[in-house]
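Analysis of the macromolecular model
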Amino acid sequence: MKELLFIILVISACSCSNKNEVIEGRPNILFILADDLGYSDLSCMGSKYYETPNIDAIADNGMVFTDGYAGCQVCSPSRATIMTGQFASRHGITDWIGAPTGINWQEKKKRNNKVVPPAYNHYMASEAITLPEALKLSGYSTFFAGKWHLGEQGNLPTDHGFDINKGGWDKGSPAGGFFSPFKNPYLENQEPGENLSMRLAKETSDFIRASKDSPFLAFLSFYAVHAPIQTTKEKWSKYRNKAERMGIADQGFEDGYFLPMRKHQDNPVYAGLIESMDDAVGEVLNTLYETGLNKNTIVIFTSDNGGVTSGDNYSTNCLPLKGGKGYEWEGGIRIPYIVSVPWMDHQGYRNNTPVAGSDFYPTILELAGLPLHNDDHLDGKSIVPLLNGNLLEDRPLIWHYPHYGNQGGRPVSIIRKGDWKLIHFWEDGHHELYNLPEDIHEDNDLSARHPDRAESMSVQLMRHLEESGAKIPTHDPNYSQEQEQATIIKMKANAIKRYGTLRKEMLKKDWEPNENWWGSIPTVD
């Protein structure tokens, strides 16, 4: 059906204009997506520890949306939301692809929880026209580099609108680490010890140079800064010394619901990984300037979910937000969200209108002067009015995550409308209400003080979930509160011991992860 629709649309376009007229004057799009990068993990977003001058330059030339949101608190749903313009509740990819569900969740994770996570879609529906497919219909060439995590063979980037794929497959983390050999069947090894982020940037730059005479979408999807976090000895040393100058706290973690949370931005390996990604961003931006394409290329930078404060490598802290990746709090879903349009003079203007990953699809089409695909990007709203200095009609943003996160998050559905955010907890059915401008850390539940508002938002949320066919968790008849508490105590103790020790080791002057720093120092045979 999708193939037939493509033929009809292409014939229709050709009947009224030739190819040169279709693409004439169209802007290029460079979309940069970081993995697991937290809201405050950039110097332009408030970090005093991490250094990101190249990403900061995008912010300086563009508009920064301080209330920008990912499509979910974990990766695959967010990525599908960007591609489809739909909330996770609608496209049905509600957890990272590969996560266990049902009774298998309890058995594989050795967890005893109140509810059983429902099944979810493991790929995007073939009937939906994705963002790259919509652009291809109007003569754009399309390129993808990096993390995909939206399906395996038959559902790769080239199956959903991208002409070229460099490194995108079903894996959600860098299989071989951040230094060559990459162990990626879609990215050949070239130089021993080559940095993965820079390699993806160079592939993107090569595509840009080859496509400079026609409009293009270059989608650079970093594996950074996902675990396993790795960096070079030089960058580790730089940030270890910086952490020491800033003052290293005795305690690195605080209590969380299922797992402890990192309290400070003082991880020198993670900081080095961020800087390497920023170096790679600089490589691509330089290519735009060298080719003169910077004058006609829209640059977007964002992340797929919040930073990892718990679980994985306990990499960062997302203050002033609460929580991080996998969590229902702002730290799990609010992310860097930057749009730079060369013919719009924003100069780093900060806009606090709530916007989401679903909005990129229609926004890009409108900026390119192309017709919207309203039957596809059903939940997305073009934010061009905001970019033009106008207001956007108030509308609800919705998240549906009926799963337990590896990082400690619980099964929830969320709605934000205006200043207000309501969280529905599926374990016991209660909800919490927060006024975000007044309580950014979500410390004061106002549901009892504002019952009418809480009720109306809850009704609106549930109505959307029903209309979109969202799957919800079911109660586990074998649940034991005693067993759950014992599991939580054990998980917390193990995490504190392991990562508390690792944090102290990483900050020692003589620390080395191994003899060749994860392969970044190639051995000489």
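To start, this report covers the structure provided alongside it. Going along each chain's sequence as written, the residues are numbered from 1 onward. Per-residue local features of the predicted model are confined to residues with pLDDT of at least 70, and side-chain atom pairs are confined, for both listing and counting, to 80 or more; whole-chain, interface and lining totals are unaffected and use all residues. Heavy atoms from the whole structure form the basis of all side-chain values; hydrogens and water molecules are not counted.

Scanning the protein chain for helices and strands turns up 15 helices and 18 strands. The size measure is the radius of gyration over C-alpha atoms, and the globule rule it meets is 2.2 Å times the number of residues to the 0.38 power. Relative to the globule expectation of 24 Å for 525 residues, the C-alpha radius of gyration of the protein chain, 22 Å, shows essentially globular dimensions. Structurally, the protein chain occupies a C-alpha span of about 70 × 65 × 40 Å along its principal axes. Whether two residues are in contact is decided by their heavy atoms, any of which lying within 4.5 Å being enough. Of the contacts made within the protein chain by residues no fewer than 6 positions apart, 71% connect residues no fewer than 24 positions apart. Only four residue types enter the charge count, namely Lys and Arg as positive and Asp and Glu as negative; His and the chain termini do not. A charge is said to be at NZ when it belongs to Lys, at CZ for Arg, at CG for Asp and at CD for Glu. The centroid of the 51 positive side-chain charges in the protein chain is displaced by 4 Å from the centroid of its 68 negative side-chain charges. Per the convention used, a helix needs a DSSP run of H or I reaching at least four residues, while a strand needs a run of E reaching at least two, with both numbered from the N terminus.

We now examine the environment of H91. Along the chain, H91 falls in helix α5 (residues 88–91). Ignoring any residue separated from it by four or fewer positions in sequence, one finds H91 in contact with P77, A80, T81, T84, Q86 and N121.

To continue, consider the pairing of strand β15 (residues 412–417). Across the 6 residues of β15, 5 count as buried, placing the element largely inside the fold. Strand pairing follows a simple DSSP-based rule, namely that at least 2 bridges must link the two strands. The pairing of strand β14 (residues 397–401) with β15 spans 5 bridges and is antiparallel. Of the residues in β15, the one forming a bridge with L397 is R416. In this antiparallel pair of consecutive strands, β15 and strand β16 (residues 420–425), the connection spans 2 residues, and G418 shows a positive phi of 65°. Burial here depends on accessible area, computed with a 1.4 Å probe over protein chains only, as a share of the maximum for the residue type. Under 20% is buried, over 50% is exposed, and the range in between is partly exposed.

Attention now moves to the sheet that holds β16. An order of β14-β15-β16-β17 is seen for the 4 strands of this open sheet, with the pairing classed as antiparallel. Two strands bound the open sheet, and with one partner strand each, they are β14 and β17 (431–435). In this sheet, neighbouring strand axes are inclined to one another by 10° on average, regardless of whether the strands run parallel or antiparallel. Pairing geometry for β16 and β17, over 5 bridges, is antiparallel. Bridge pairing links W420 to N435 in β17. Across the sheet, helix α14 (residues 451–467) touches β14, β15, β16 and β17, and the angle it forms with β16 is around 65°. Axis angles are defined between N-to-C directions and span 0 to 180 degrees, where every axis is a line fitted to C-alpha atoms and, for a helix, only to the segment in contact.

A separate point is the pairing of strand β5 (residues 141–146). Of all the 6 residues making up β5, 6 are buried; the element is thus mostly covered by neighbouring parts of the structure. Sheet topology note: the β5/strand β7 (residues 216–221) ladder contains 6 bridges and is parallel. Bridged to A145 within β7 is L220.

What we call a nonpolar core is a set of buried Ala, Val, Leu, Ile, Met, Phe, Trp, Tyr and Cys residues that are connected through their side-chain atoms within 4.5 Å. Core analysis: the biggest nonpolar cluster contains 59 residues, and L37 and F301 have the highest contact counts within it. Those elements that place two or more of their residues in this core are β1 (28–34), α3 (53–61), β5, α8 (196–210), β7, α9 (233–246), α10 (268–291) and β10 (297–303). Take this core: its biggest share by element is 11 residues, from α10. In terms of nonpolar packing, the next biggest core, distinct from the first, is built from 43 residues, L131, I298, Y361 and L365 among them.

Among the structural elements, A99 can be located in the loop between α5 and α6 (102–109). Distance from A99 to N406, taken between C-alpha atoms, is 9.3 Å for residues 307 residues apart in sequence.

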